[in-house]
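Overview (structure and organization)
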Amino acid sequence: MRVLLDIRALIPASGSSYAPTAPAWVFCRALAKAMRDKQHDVHVLLDGQQAENAAQARDSLKDILAVESIHIWLSPSPDSVRTDTARKAVGYLHAAIVARICPDVVFDATSVVLAGEAITAPPSEIALGPPIVRATALQHFDGNSCADAQAIKETIERLERAAVQTANQPSSAERLRLAFVSPLPPQRSGIADYSAELLPELAKYYEIELIVDAQRLKQPALSTQFPVRDAAYLISHAGTYDRVLYHFGNSEFHEYMFELLEVVPGTVVLHDFFLGDAQWHLEHFSGKRNGLARALYASHGYRALADRMQRLELSAVVAQYPCSFEIIRRAQGIIVHSHYSLSLLKHWYAESSGLQTTLIPLLRRAAETYTDGSREADRRELGLTDDDFLVCAFGLLGPTKLNDRLLRVWKNSALGASPRCRLVFVGENANGAYGDAIRAEIERLPVANVEITGWADEAMFRRYLRAADLAVQLRGRSRGETSAAILDTMNHGVATIANAHGAMAWLPKDSVCMLEDEFTDAQLDDALSSIWRDAELRKTFGSNARSYIAEHHSPQHCGEQYAHAMERFARCGGYERNPLVAKVAQLAPDLDAGEKRVISSAIAANFPTPRPAKQLLLDVSSMVYQDLHTGIQRVVKSLLRALIESPPEGYRVEPVYGGSHQLGYRYARRYTLKFLGCPEDTLDDAPISFAKGDEFIGLDLMHDPVYFQTPYFRQMHNAGVRVQFVVYDLLPVLLPHRFPQGSADLHTRWLRTIAEFDGAVCISKAVANELTDWVADNAPHRSPKLRIRSFPLGADLSTVASKGLPPSAADTMRTIASRLSFLMVGTVEPRKGHELALDAFEQLWTAGHDINLVIVGKQGWMVEELAQRLRRHHEYARRLVWIEKASDEYLELVYAASTCLITASEGEGFGLPLIEGAQRGLSLISRDLPVFREVCGEHALYFEGQAPALADAVRHWINMASDGIQIRSEGLSYLNWQQSAERFIEAALWKRDTPV
Amino acid sequence: MQMSAPFYRAFEDKYRGSRELIKSRLEAYHPFLSPLRELHARPQALDIGCGRGEWLELLGEQGFAARGIDLDDSMLQACRERGLDVALSDGLAALRETPSSSLALVSAFHVVEHIVFEDLQAMVVEALRVLLPGGILVLETPNPENLEVGTSSFYLDPSHIKPLPPQLLAFVADHAGFERKTILRLQEADELHDESSISLMAVLTGVSPDYAVVAQKHAATDVLRLHDAAFSKQYGLSLSMLAQRYDDRYALAEQRQAHVEQGQARAEQLYLQAETRLNEAAAAATSSEQQLRRLVAACESRVRQAKTSIAVLEARVALLEQQGLQTQAQLDRFDALRSASGASFIGRLHAIKMFLRHPRPGPVVRLVSKIARKLGVHGPLRAVYLRLRNMVLTRLRPPTPSPERTPGSSVIPLSSELSDDAQSVWNQLHTLSHSKNKQGVD
């Protein structure tokens, strides 16, 4: 027996203590434990409104129940739900959530409170599906006395008595109303013909009304049998229909259905998996702004969007990306016609493979059997005698139909040489180069037995079908379109040669002469010759094909399967959100705007729609608000670029941002578009939606927003999102005297916040070790659970981003170039060791060395004295150069003019300047810190200590250089950003098991 | 010395060896026998101590008329059974009975070690008498040079008296008056003829175990000449020969060792030379490397200088470009300003006009305010008016949510925007709520 304990009201509002409800909480726990011991399937429903309390409650229940049995749902806050209507809507939401868990009995714990205490939420008046047992008031409960044990036993007995099996839903006796949305004849679409054949069969099961595109179609076929409506009618009368059936294909005939599906859900028949052309039509001709771009983004993410905007031509983009996810997501259920489409679904939208799908073959009314006499008549009309052998290839010509290969094989084979054999392409020739080539080839043939008919109407099509001896239907490079022509040939009992491409691969081998997908010319030649010579074989193929079609593709069979599928989709979708929305919609007119929004958000948060892939949410808030070009922001940008270029398998990369004034994160769509160089107004920044399995990674360093958004992170965490942060360094905590007042506290608070979540990704092993130590000292309860990993940063040879030289650049450059120059790059801060370097160089200058000290970096904090000293130095502008503001271009020039890079920091997270120096051929002198050892290895000269040590090191370097034996930095190995991003993903998605 | 004949026979059976073996050993004397056949048609021979008669058989095969004598009758019986001409007699007696110069060959195999020295001398003298000119006397006896024979195996036969050194027997023949003599050493191992094989064992036991003194009676030169070849050869292996061979080998070995040591010393010297040369080479290489590095350093510094100069030049060029662009931008701005100045001037006039046209408060308000001022309540009245106006404005404006700074507030955002998902729910709600419903739809 499955029991649900509804404990939502026991979690108090934040600010009040647990004490008033503590005994009740203990009671519930004891009850859960007792029932579990009696082998009942116990589930608990917690209210996730106060995320922290919900998380604590869940943790405390983890030792009693399995994690999957503890459900947290997000209810709107009580302040936003004021009217009774809104409360009723929330009650519906709660009922739907309870129904989703499918319990046999519900235990409502709201009344388990001490007498006299107020409870925060009133009990719901909405009748739930399963029976409810309300708890009686308890005076006192501490779990130890036998009176308490007795109370528990009584409760369990009441529950068991109340549980009944859920009754089966009675099947309705009357016929349901079906809205049939599809193009119809005389529209020139294969789907129109298909629908025309399907309708009479489906009419046996439903009352059907046709919804057509009133602008394009004036008088559809079958309008006498069924009422004809348009899209606006469907929207206004959506409630009157029980079922809706959409037929989607990749042409302009389906344009009106895209908007319809957004508001009126229904079953979707997906004739074409690739819908890019239709989306483009919508954008271009119907004025749907950025339709194709939005479709690409929704289905495939930023990579597809970047391709569209910058790299690929339109036809290539449409051919490569299906863009069909928005349709699939909104469908109640999906009907496809081939296993190939199912496999495409699994390949492109792996995360949503739990959708309801069903495979129904294309229907074909069985072709009438005809007497031989009529066949002869047809053949005579086409100018054939009995000995002639007619080979046909049906369908529009084009590169995917491989007509050129058939022509080539025909030319070189015995059939091509014989005047008795004829090859006819029944269909219109392709436009463009392909069609011209085919025509030229045909004219060059030695024996003129090949022709193209051009557009064939129905009658001519059927005549050729009846007259043909052999049909050749080849396909290559298709995108999954189901081939209808082959079913026609099989239906008419014509022996057919096909290759195992796409959907055709699933046809049985005894009904069709099947070649391999990549067949050779010799194989095709063999097949042609063998069927030409062997009449028995032809007859066998033909009859097998006909019986296969009759069995699997008959209209009755297909119609029955349609009805079953639609009923199944409707039934199983009972606990999903469409019925809930329908119920709430009845109340909707009475809700005011704000409440309606809140209810919509709550419904969306608790019943998320499927999505194409899991999300990799990357927090880039600092750059969205203010792009400062700091080192950290450069790292974030490079990672972002690398990840968007090649996202990890099964994930969509979604940059998000959040502020410190309002809880909640949004998609940073406009920023990302600008980042990728696309027009910014293609997409809007909507609030994010998340679901279990997503990953959130805080990429940049923002103290205040992270602290402020902690409840939101907890909410995400409760919903099953893995929350991690990138740690760049612990310097404010480890070197507090080098940072302004209060930095250490801020950073400590930030570290404490992030330690509460799932993991931290550090930019070097040294930082990872420091973080592990810090957590062990300051948050030891998190030590075993917080996963700390590291990944190395990348250092591509950067492109020069900012340009511009100050007027003094010429003189400065001359100064730098005139002597051996030692360079220090980085903001002038206390911990970077500029003071130390200045002392060391003063010693060296006194000793008579004629060398430069070049400092590039703006003045930072807490360095006023040092700045004065630098500016007033007697060597200033002679052997001491300080460039306070340098564009990237200027910096490159300074690198080129310098010989050696000095890094005297007392602490660093990674040490990117070292790599940058090595890339530009400078020798490295650096302090002996673990992180620098990690980055440089043996390719640097290390010193330890204060100014004298640095002076010694510089002297040593000069001596070695004059002998040519200085330590060279050429061999320094580093990763480019692509590799670094890969390592980042490995660390962040916990793919490597080795620690750190 | 007399011993029992059966004993001797048994003894000989055991130790003497087979007939064929004996005969093969006697082949060694062929060089001496064949010239005798040339001299005489049917040479007469006497074999003293013929034993089983192998020698007699051999002589008979060679065409000699051979007669044998022995003191052992059973042996003689065996000879007689073979049809050999034998008689029981003492050697010396038989010789004395023989007429002088009648025999071509007198032989005594392994006899002389059985008789006393005086008898031996007498035998040899008698043998000289009975031999024809150029006749041959053969006396074979164990060779005491062979250390094993001389110290041990000679004494296996109890009837042997004492070993006779070859020189002694040869001297006896010489003294007796034979023209020439030679010593044949016999029955050595074949493999010892190979000069290179020698071992201590061979020296001790490989010397020819038997020897024979072959002496010839004086004759004419051309008769003697027939035996020249036979007499000039060296036969068998003497102790000194083997010892010498051994010594030679040892000396050779020592020589070789000396050579090797010399070679070794030379090799060590060469090795030391090579080592020193290698060290020199390494030192030279190191110094070259250092020179090279210094040159590289010099090159590098030149390159660095070049690079820095280029950087300086690039900086100047970039500066110039920048200045050029700025100048261009300035010029463009001047142009734009010039063309726009006209328009902006007009715009400014317009603004002034608007300012002048700003509507003053209407006549009613002016009257009211004049009255209020007269009454002295203008100030409070104006304040009341402002408060009312504010209240009205706030009622019309939607309330904005106050910004929350501390965490812990409600989590469903009160933002004015919805997520995409929520937006679609909202759309659905909106549509469905405005559509007409079938009765009883739930």
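How each quantity is defined
- Residues numbered from 1 in each chain as written.
- Chains lettered and ligands numbered in written order.
- Predicted model: local features only at pLDDT ≥ 70, side-chain atom pairs only at ≥ 80, totals over all residues.
- Heavy atoms only, no water.
- Helix = DSSP H or I, 4+ residues; strand = E, 2+ residues; numbered from the N terminus.
- Buried < 20%, exposed > 50% of the residue type's maximum accessible area, 1.4 Å probe, protein only.
- Contact = heavy atoms within 4.5 Å.
- Areas by Shrake-Rupley, 256 points an atom, 1.4 Å probe, with all protein chains shown as cover.
- Pairing = 2+ DSSP bridges.
- Buried area = accessible area lost by both parts, 1.4 Å probe.
- Salt bridge = Lys/Arg side-chain N within 4 Å of Asp/Glu carboxyl O.
- Polar contact = N/O pair within 3.5 Å; in protein donor to acceptor, adjacent residues only side chain to side chain.
- Core = buried A, V, L, I, M, F, W, Y, C linked by side-chain atoms within 4.5 Å.
- pLDDT = per-residue confidence, 0-100.
- Axes fitted to C-alpha atoms, helices over the stretch in contact; angles between N-to-C directions.
- Parallel < 35°, antiparallel > 145°, perpendicular 65-115°, else oblique.
- Left-handed = near helix turned anticlockwise from the far one by under 90°.
- Arc of directions from axis to C-beta.

1. Topic: the overall build of chain B
- Scanning chain B from N- to C-terminus turns up 16 helices and seven strands.
- Counting all 442 residues of chain B, 34% fall into the buried class.
- Restricting to contacts in chain B with at least 6 residues of sequence separation, those with at least 24 account for 75%.
- When the accessible area of chain B is evaluated, it comes to approximately 27500 Å², of which 58% is carbon and sulfur surface.

2. Some remarks on the sheet that holds strand S20 (residues 651-657) of chain A
Residue and element names in this part refer to chain A.
- Across the sheet, seven strands lie side by side as S21-S20-S19-S22-S23-S24-S25; this open sheet has mixed pairing. Unpaired on one side and paired on the other, strand S21 (666-667) and strand S25 (787-790) mark the two borders of the sheet.
- Bridge count for strand S22 (residues 695-698) against strand S23 (residues 722-727) is four bridges, and the pairing is parallel. Across the sheet, the residue bridging to Gly 698 is Phe 725, located in S23.

3. Quick look at the interface of chain B and chain A
- Across the boundary between the two partners, chain B contributes 54 residues, which contact 75 residues of chain A.
- Here chain B meets chain A over a buried area of about 5600 Å², counting both sides, of which 60% is carbon and sulfur.
- The interface formed by chain B and chain A contains three salt bridges.
- Between Arg 669 of chain A and Asp 420 of chain B there is a salt bridge; the shortest N-O distance is 2.8 Å.
- The interface formed by chain B and chain A contains five residue pairs in polar contact (both at pLDDT 80 or more).
- Taken together, the elements giving at least two residues each to the side of chain B that touches chain A come down to helix H13 (239-356) and helix H16 (420-434) of chain B.

4. Details of the nonpolar core
- In this structure, Met 813, Val 894 and Phe 984 of chain A are the most contacted members of the largest nonpolar core, which totals 88 residues.
- If you tally residues by element for this core, the top one is helix H26 (residues 631-645) of chain A, at seven residues.
- With near-sequence residues (within four places) excluded, Met 813 of chain A lies in contact with Tyr 890, Leu 893, Val 894 and Ala 897 of chain A together with Ala 311, Val 312 and Ala 315 of chain B.
- Counting 64 residues, the second largest nonpolar core, distinct from the first, contains Leu 234, Val 244 and Ala 602 of chain A together with Ala 422 of chain B.

5. Notes on unusual backbone geometry
Residues and elements named next belong to chain A.
- The phi torsion at Leu 402 lies on the positive side, around 55 degrees, for a residue other than glycine.
- With respect to the element layout, Leu 402 can be found in the loop between strand S13 (389-394) and helix H15 (403-412).
- Backbone geometry at Met 862 places phi at a positive 60 degrees, although glycine is not the residue there.
- Here Met 862 lies in the loop between strand S27 (851-856) and helix H35 (864-872).

6. Some points on the confidence of the model for chain A
Residue and element names in this part refer to chain A.
- Within chain A, residue pLDDT values average 82, and 91% of them lie at 70 or more.
- Mean pLDDT values for the elements of chain A range from 71 in strand S5 (residues 132-134) up to 94 in strand S29 (residues 900-903).
- Overall, residues 164-170 carries pLDDT values under 50, and its contacts beyond four positions in sequence, including any with other chains, amount to three contacts.

7. Some remarks on the packing of helix H3 (residues 30-39) of chain B against helix H4 (residues 54-62) of chain B
Residue and element names in this part refer to chain B.
- At their nearest, the axes of H3 and H4 sit 11 Å apart, and the two run at 45 degrees to each other. With respect to each other, H3 and H4 are oriented oblique. Relative to H4, H3 is oriented so that their crossing is right-handed. Along the contact surface, H3 presents His 30, Leu 33 and Arg 37, while H4 presents Trp 55, Leu 59 and Gln 62.

8. Considering the pairing of S25 of chain A
- Pairing analysis gives four bridges linking strand S24 (residues 759-762) of chain A to S25 of chain A, with the strands arranged parallel. Paired with Val 761 of chain A across the strands is Arg 789 of chain A, a residue of S25 of chain A.

9. So, helix H13 (residues 339-348) of chain A
Residues and elements named next belong to chain A.
- Among the residues of H13, those classed as buried are Ser 341, Leu 344 and Leu 345. Down the axis of H13, the sector holding all buried residues measures 105 degrees, keeping them to one side. Residues Lys 346 and His 347 are exposed on H13 and point more than 90 degrees away from its buried face.
- Its buried side turned inward, H13 meets helix H12 (325-330), strand S11 (333-336) and strand S12 (357-359).

10. Let's talk about the sheet that holds strand S2 (residues 65-70) of chain B
All names here are of chain B.
- Strand order in the open sheet formed by seven strands is S3-S2-S1-S4-S5-S7-S6, with mixed pairing between adjacent strands. On the outer flanks of this sheet lie strand S3 (85-88) and strand S6 (180-186), each paired with one strand and no other. On average, each strand axis in the sheet is inclined to that of its neighbour by 15 degrees, with strand direction left out of account.
- Summarising the sheet, strand S4 (residues 103-109) and strand S5 (residues 131-142) pair through six bridges and their orientation is parallel. What sits directly across from Val 106, in S5, is Leu 137.
- Sitting on the sheet, helix H5 (residues 73-82) is in contact with S2 and S3, with an inclination near 160 degrees to S3.

11. Some details on the environment of Asp 681 of chain A
Residues and elements named next belong to chain A.
- As for its position among the elements, Asp 681 is in the loop between helix H27 (669-676) and S22.
- Asp 681 sits in the partly exposed class, given a relative accessible area of 41%.
- When the C-alpha positions of Asp 681 and Asn 290 are compared, they lie 9.0 Å apart, and in sequence the two are 391 residues distant.
- In this structure, Asp 681 is in contact with Arg 289, Asn 290 and Arg 670, ignoring residues within four places of it in sequence.

12. Some details on the pattern of salt bridges
- Applying the stated criterion across every chain yields a total of 48 salt bridges over all chains.
- One salt bridge connects Asp 963 of chain A with Arg 294 of chain B, and the closest N-O pair in it is separated by 3.4 Å. In this pair, Asp 963 of chain A is assigned in helix H39 (residues 947-963) and Arg 294 of chain B in helix H13, connecting two distinct chains.
- The network of salt bridges with shared partners includes Arg 819, Asp 850, Glu 875, Arg 878 and Arg 879 of chain A.

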